[in-house]
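Chain residues, written in single-letter form:
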Amino acid sequence: MNDEYEFPVEDYMPRERFERIKQFAKDKETPCLILDLDVIRSKYEELRKNFPYGKVYYAVKANPHDEVVSLLRDLGSCFDVATRYELDQLLRLKVTPDRMSFGNTIKKEKDIAYFYDKGVRLFATDSFEDVDKIARAAPGSQVFFRILTEGLGADWPLSRKFGCHPEMTRNLILHAKDLGLDPYGISFHVGSQQRDIGQWSSALSNVGSIFVTAEEHGIKLKMVNMGGGFPAMYTDPTNPMEHYSSDIMSYLHNNFGDELPEIIIEPGRSMAGDCGVIVTEIVNIAKKSTHDLYHWVFFDIGKFGGLIETLDEAIKYPICFEKTGPTLDIILAGPTCDSMDILYEKTPYEMPASTKIGERAYILTTGAYTQSYSSIYFNGFPPLTSYILK
Ligand SMILES: *Cc1c(COP(=O)(O)O)cnc(C)c1O
């Protein structure tokens, strides 16, 4: 209970911008997602400034909105593409295949052939079986090998499923070479919303030693793909981008000396997260018993409407209620008839006690991994609608 609640909007964006978003959303049905492209533009510029030696491959899955992709295309970004559907979208938006990598390690041979046929020549891999597929369907292409990372310290870890052990990578490189592919580099992903910068250090030292062994076998690797993992602004604190870039720079020099290989980064969350605000209506505020210590607050959006990253309360979105004054401790849930559709039960959230059913709340930092995750017609709810802030 807090007598002085006033949501600290300025921690996340200038108040003037927040007011513009609210005004813009006024006549829109909820739930909806409002995207501010100026934020994408400044995030891209911030990344370029902090990683001047790195090539940006935007991870399309984070926010595949046509206008987001088109803006990044115009700014000069390359793209990490995961499926033939994303590839078709990018081609429709006139992104050329030399600016794409097929970054998914899980792919059908016929889809590899499709990418190859469209002109893509850069492929991720992490298994012998997949290297065989690439050699058959995309002969002579550049391949980069994804190594396993622990995912420790990440709010949304990606470990286990992707990558292979550094030991196995050495054999995979030789295998790819034998099959006529071009072993081009090594990639990793330290886990999404990675708040421990040191995780790049252990990954890069593995990469450094793979470069050395490959060279002993006469193979000169040329590229390091450092993946995503850079943060967006949720409620748990993170370091600013400058700390990421300066620490990572020193890890790179520790492992490669002054002659850095070509560097790729694949930001998704850090590029798109901060650009979005979800506008939701409070459907109900209720107690489960007379002396319930918590009020249940039900939004018109939940896990199935685009907030699936609240699974295990992993991603903690800043949520703005408009009133001020004394607060209630709340449990937040979505509108569907599925009991897993609870957003936050353990994480403390509070709401001004004077808040009424039918009022709006604003879920900040929802530009990444929301609309692209929203379900289609579960309980009849349509997929999340988005608007570009004008
Ligand atoms: C999802 C993904 C990314 C983006 O990660 P973020 O943590 O959102 O920046 C980058 N690379 C690959 C291969 C991915 O699958």
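Rules used throughout
Residues numbered from 1 in each chain as written. Predicted model: local features only at pLDDT ≥ 70, side-chain atom pairs only at ≥ 80, totals over all residues. Heavy atoms only, no water. Phe/Tyr/Trp six-rings, centres within 6.5 Å; stacked < 30°, edge-to-face > 60°. Helix = DSSP H or I, 4+ residues; strand = E, 2+ residues; numbered from the N terminus. Buried < 20%, exposed > 50% of the residue type's maximum accessible area, 1.4 Å probe, protein only. Lys NZ or Arg CZ within 6 Å of the ring centre and 35° of its normal. Near = heavy atom within 4 Å. Polar contact = N/O pair within 3.5 Å; in protein donor to acceptor, adjacent residues only side chain to side chain. Areas by Shrake-Rupley, 256 points an atom, 1.4 Å probe, with all protein chains shown as cover. 1 Å grid on protein atoms, 1.4 Å probe; cavity = no way out; pocket = protein on both sides within 12 Å on 5 of 7 lines; lining within 4 Å. Sits in = over half its atoms within 2 Å of the grid points. Nonpolar A, V, L, I, M, F, W, Y, C, P; charged D, E, K, R; others polar. Contact = heavy atoms within 4.5 Å. Pairing = 2+ DSSP bridges. Right-handed = clockwise from strand over helix to strand, strands pointing away. Points joined across faces, edges and corners; volume = space filled by probe spheres on them. Core = buried A, V, L, I, M, F, W, Y, C linked by side-chain atoms within 4.5 Å. Domains from an automatic or database assignment. Arc of directions from axis to C-beta.

**Looking at the packing of aromatic side chains**
A full pass over the atoms with the stated rule returns 17 aromatic pairs. Ring geometry for Phe-299 against Phe-321: centres 6.2 Å apart, planes inclined by 40 degrees, an arrangement best described as tilted. Of this pair, Phe-299 sits in strand β13 (residues 295-299) while Phe-321 sits in strand β14 (residues 319-321), and the two are 22 residues apart along the sequence. Judged by relative accessible area, which is 0%, Phe-299 ranks as buried. Take Phe-321: its relative accessible area is 2%, and that puts it in the buried class. Aromatic pair Tyr-344 and Tyr-349: ring centres 4.4 Å apart, planes at 25 degrees, arrangement stacked. Look at Tyr-344 and you get buried, because its relative accessible area is 1%. Counting every residue linked through ring pairs, the aromatic cluster contains Phe-51, Tyr-53, Trp-200, Phe-230 and Tyr-244. Sitting over the ring of Trp-296, Lys-288 keeps its end group 4.7 Å from the ring centre.

**A look at the site of the ligand**
Every one of the 13 residues lining the ligand counts as a neighbour, but Lys-61, Ser-192, Glu-266, Gly-268 and Tyr-369 are closest to it. Between an oxygen atom of the ligand and a side-chain N or O atom of Ser-192, the distance comes to 2.5 Å. With respect to the ligand, the backbone of Gly-268 contributes an N or O atom lying 2.8 Å from an oxygen atom. Look at the ligand: alone it shows 390 Å² of surface, and the protein chains cover 92% of it. According to the grid-proximity analysis, the pocket containing the ligand is the largest pocket. Residues of the shell around the ligand, tallied by class, amount to three nonpolar, five polar and five charged.

**Observations concerning helix α3 (residues 66-75)**
Those residues of α3 that fall on the buried side of the exposure criterion are Val-68, Val-69, Ser-70, Leu-71 and Leu-72. In this structure, the buried side of α3 is in contact with α2 (37-50), β2 (54-59), β3 (78-81), α4 (84-92) and α10 (269-272). Looking one or two residues past α3, Gly-76 carries a phi angle of roughly 105 degrees, positive in sign.

**Comments concerning the pairing of strand β11 (residues 262-265)**
Strand direction decides the pairing type here: β2 and β11, joined by three bridges, are parallel. Paired with Gly-54 across the bridge in β11 is Ile-263. Between strand β10 (residues 223-225) and its parallel partner β11, the chain crosses via helix α9 (residues 241-256), and the hand of that crossover is right-handed.

**Regarding the layout of surface pockets**
It is a probe the size of a water molecule, rolled over the atoms, that shows where empty space is left. In this structure, the largest pocket occupies an estimated 700 Å³ of space. Surrounding the largest pocket, 36 residues form its lining, Lys-61, Asp-80, Ala-82, Leu-158 and Phe-162 being those nearest its centre. A breakdown of the residues in the lining of the largest pocket according to their chemical character gives 15 nonpolar, 14 polar and seven charged.

**So, the side chain of Ser-101**
Tracing the sequence through the fold places Ser-101 in strand β4 (residues 100-102). For Ser-101, a relative accessible area of 1% puts it in the buried group. Beyond its immediate stretch of four places on either side in the chain, Ser-101 contacts Tyr-57, Phe-79, Asp-80, Val-81, Leu-122, Phe-144 and Glu-266.

**Some details on the nonpolar core**
Judged by nonpolar contacts, the single largest core of 114 residues is most densely connected at Phe-188, Trp-200, Met-226, Ile-248 and Phe-299. The element best represented in this core is helix α8 (residues 198-216), accounting for seven residues. Of the residues that make up this core, three or more belong to each of domain 1 (4-34 + 273-388) and domain 2 (103-267). Not counting residues up to four positions away in its chain, the partners in contact with Ile-248 are Phe-51, Tyr-53, Ile-197, Trp-200, Leu-204, Met-226 and Phe-230.

**Things to note about unusual backbone geometry**
Of note, the amide linkage connecting Thr-30 to Pro-31 takes the cis form, showing an omega dihedral of -5 degrees. One non-glycine residue with positive phi stands out, namely Gln-193, at about 50 degrees. Among the secondary structure elements, Gln-193 is positioned in strand β9 (residues 192-194). With a phi close to 65 degrees, Tyr-377 is a non-glycine residue in the positive phi region. Among the structural elements, Tyr-377 can be located in the loop between β17 (360-364) and β18 (385-388). On the basis of relative accessible area, Tyr-377 is assigned to the exposed category, the value being 52%.

**Observations regarding helix α5 (residues 109-118)**
Every buried residue of α5 is listed here: Asp-111, Ile-112, Tyr-114 and Phe-115. One side of α5 holds all its buried residues, which, seen down the axis, span an arc of 155 degrees. Among the exposed residues of α5, those pointing more than 90 degrees away from its buried face are Lys-110 and Asp-117. Residues of α5 that are buried make contact with β3, α4, β4, β5 (122-125) and α6 (128-137). Phi for Gly-119, located one or two positions after α5, is positive at around 110 degrees.

**Describing the environment of Pro-352**
By secondary structure assignment, the location of Pro-352 is in strand β16 (residues 342-352). Here Pro-352 falls in the buried class, since its relative accessible area comes to 0%. Separated by 24 residues in the primary sequence, Pro-352 and Ile-376 have C-alpha atoms spaced 33 Å apart. Sequence-distant contacts of Pro-352, that is, excluding residues within four places in its chain, are made with Tyr-5, Phe-321, Lys-323, Thr-324, Pro-326 and Thr-327.

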